[in-house]
Every structure is written in structure tokens, then in C-alpha cells.
Amino acid sequence: MSPDIADEFHGVAAEHTYIAAHFPTWHIEYQTRMARNDRDYDVLGMIKPDQTKAVIYFDITDWIGK
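Bear in mind that the values here come from a model prediction, so they are computed numbers and not experimental data.

Observations regarding the overall build of the protein
When helices and strands are counted, the protein shows 1 helix and 3 strands. What you see in the protein, going N to C, is helices and strands ordered as α-β-β-β. Once the C-alpha set of the protein is aligned to its principal axes, its extents read approximately 35 × 25 × 15 Å. Taking the contacts inside the protein whose residues are at least 6 apart along the sequence as the reference set, 32% of them involve residues at least 24 apart. On the protein, roughly 4500 Å² of surface is accessible, and the fraction owed to carbon and sulfur atoms is 53%.

Next up, the structure:
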């Protein structure tokens, strides 16, 4: 994610823009938040129409709670 994201609203929008650009046929199956090594992450479980699955991690440390 870009380090110039100012707040949660723009951070979430950036996540969805990235997903739409890189995974246009995939759907979000689940979303959760994870903290590890003093960093915060959005964890998205993705599923493709053919049932292929992937997990995407977005580092949200710089903008979570803003």
C-alpha cells in the first residue's frame, strides 16, 4: 500500500482498487485483521469462480485508526 494514505477511508478504498485491478474476477470470501511484529494487517481470503483460493495481506499500520 502507498505510504501516503491518510486515513482508514482512503486505505480501504485503496485496498479495493488494488483488488479490482489485480483480481477482477475474484470475490472476497472473508476479511479479518491481524497484528504481527508490531504491524497491523488486513487479511482477505479471496476466491475465484473456479474455486481457486488465495489470501492477500495489506499492511495497514500507517493508517489504521486515523
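A short note on the sheet that holds strand β2 (residues 39–47)
Overall, antiparallel pairing links the 3 strands, which are arranged β1-β2-β3 in an open sheet. The outermost strands of the open sheet, each flanked by one partner alone, are β1 (27–36) and β3 (53–59). Each neighbouring strand pair of the sheet contributes to a mean axis angle of 20°, computed without reference to strand direction. The pairing of β2 with β3 spans 7 bridges and is classified as antiparallel. Looking at β3, one finds that Met46 is bridged to Ala54.

Points about the packing of aromatic side chains
All told, the structure shown has 2 aromatic pairs when counted by the stated rule. When the ring of Tyr18 is compared with that of Phe58, the centres are 5.8 Å apart and the planes differ by 90°; the resulting orientation is edge-to-face. In this pair, Tyr18 sits in helix α1 (residues 8–22) while Phe58 sits in strand β3, placing the two residues 40 residues apart along the sequence. The exposure class assigned to Tyr18 is partly exposed, which follows from its relative accessible area of 37%. A residue is classified by how much of its surface remains accessible, and Phe58, at 5% relative accessible area, is buried.

Quick notes on the rules
- Residues numbered from 1 in each chain as written.
- Predicted model: local features only at pLDDT ≥ 70, side-chain atom pairs only at ≥ 80, totals over all residues.
- Heavy atoms only, no water.
- Helix = DSSP H or I, 4+ residues; strand = E, 2+ residues; numbered from the N terminus.
- Contact = heavy atoms within 4.5 Å.
- Areas by Shrake-Rupley, 256 points an atom, 1.4 Å probe, with all protein chains shown as cover.
- Pairing = 2+ DSSP bridges.
- Axes fitted to C-alpha atoms, helices over the stretch in contact; angles between N-to-C directions.
- Phe/Tyr/Trp six-rings, centres within 6.5 Å; stacked < 30°, edge-to-face > 60°.
- Buried < 20%, exposed > 50% of the residue type's maximum accessible area, 1.4 Å probe, protein only.

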